[in-house]
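So you can see what is in the structure, the chains are spelled out below.
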Amino acid sequence: MPLIMEIYVGQRLKRRCLKKLLIAIDGPAGSGKSTTAKLVAQKLGYIYVDTGAMYRAMTFKVLNSKISPASEAEVVRLAADSQITLSNDRGEFRVIMDGEDVTEEIRSEEVTKNVSLVSSYPGLRKIMVEKQREIGSRKGCVVDGRDIGTVVFPDADLKFFMMADIMERARRRQEELSASGAELPIVQVVRELKERDMKDSTRETSPLKKADNAVEIDTTNLTIDEQVKIILSYVNEAMVTSEEMSPTGPLDNGSFGERK
Ligand code: DC
């Protein structure tokens, strides 16, 4: 069994408790962070928080309203009057905007094209960050985004910055689009990714940036399974005795995290 099990099977370790961690994973689109973060959260029995989905949900709402995405004041006003819920129901992740399930809609090309602009507004980010901190205050969360380790949770227990070669990221994104029925030439996917990288990393407020103390993972030649294992090995190291922890013992499914 993987290293993880040693926490439970070693006599000395058996007496220990598992601390609930807050894990921040940042990186550009196509770096593999969302898929990895979701699986890590599942293995640990943690909550997965996709902050990109929150900005996407807001962009979707803007596009479906009468206001222009270019009008910062109106976008912020709309955000203040919005209710976004991220639900994790038995491993299924759903995004609810004002009571409506928008999980699929927020992945559209139209939303992807406009999300960098909408998410660049400081007033909107303030509202989103407050909500993210509220969710993260419970601990036992894997939060992914662009500014999680730098701005939202600078004191996160573990921070990762995932990146990959642009061609590999474009190939992954193309595959994703193809799965949803959109066939785009690779040159166009590369161009759009570069544009989004540029906007996300050069905006004034909370740009995409590696936190100084984040572990950098280049996923160009890694499988998802390998990415998950790398993060879990750091999680293992970070698990220490703490009063806020749950009692240990072997888990029924051989994985680790919160006990059922
Ligand atoms: O992770 P994603 O590609 O679904 O994110 C969509 C956009 O949301 C991304 O281009 C920038 C923005 N974003 C952000 O500004 N801050 C975050 N913490 C997460 C996403």
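Just so it is clear, the model here is predicted, and its values are computed rather than measured.

(A) Spotlight on the sheet that holds strand E9 (residues 215–218). Taken together, five strands build an open sheet; the order of strands is E3-E7-E2-E8-E9 and the sheet is parallel. Each end of this open sheet is capped by a strand with a single partner; those strands are strand E3 (47–50) and E9. Along the sheet, successive strands turn relative to each other by an average axial angle of 20°, direction set aside. With five bridges joining them, strand E2 (residues 22–26) and strand E7 (residues 141–145) adopt parallel strand pairing. Looking across to E7, one finds that Ile-23 is bridged to Val-142. Where helix H3 (residues 33–44) meets the sheet, its contacts fall on E2, E3, E7 and strand E8 (158–163), and the angle it forms with E7 comes to roughly 175°.

(B) Structural context of the packing of H3 against helix H11 (residues 224–238). Taken N-terminus to C-terminus, the directions of H3 and H11 make an angle of 50°; their axes are 9 Å apart at the nearest point. The angle between H3 and H11 falls in the class oblique. Considering only the axes of H3 and H11, their crossing is right-handed. Within the contact between the two elements, H3 uses Thr-35, Thr-36, Leu-39, Val-40, Lys-43 and Leu-44 and H11 uses Ile-224, Gln-227, Val-228, Ile-231, Leu-232 and Val-235. Tallied by class, residues from the contact of H3 with H11 come to eight nonpolar, three polar and one charged.

Analysis parameters
Residues numbered from 1 in each chain as written. Predicted model: local features only at pLDDT ≥ 70, side-chain atom pairs only at ≥ 80, totals over all residues. Heavy atoms only, no water. Pairing = 2+ DSSP bridges. Helix = DSSP H or I, 4+ residues; strand = E, 2+ residues; numbered from the N terminus. Axes fitted to C-alpha atoms, helices over the stretch in contact; angles between N-to-C directions. Contact = heavy atoms within 4.5 Å. Parallel < 35°, antiparallel > 145°, perpendicular 65-115°, else oblique. Left-handed = near helix turned anticlockwise from the far one by under 90°. Nonpolar A, V, L, I, M, F, W, Y, C, P; charged D, E, K, R; others polar.

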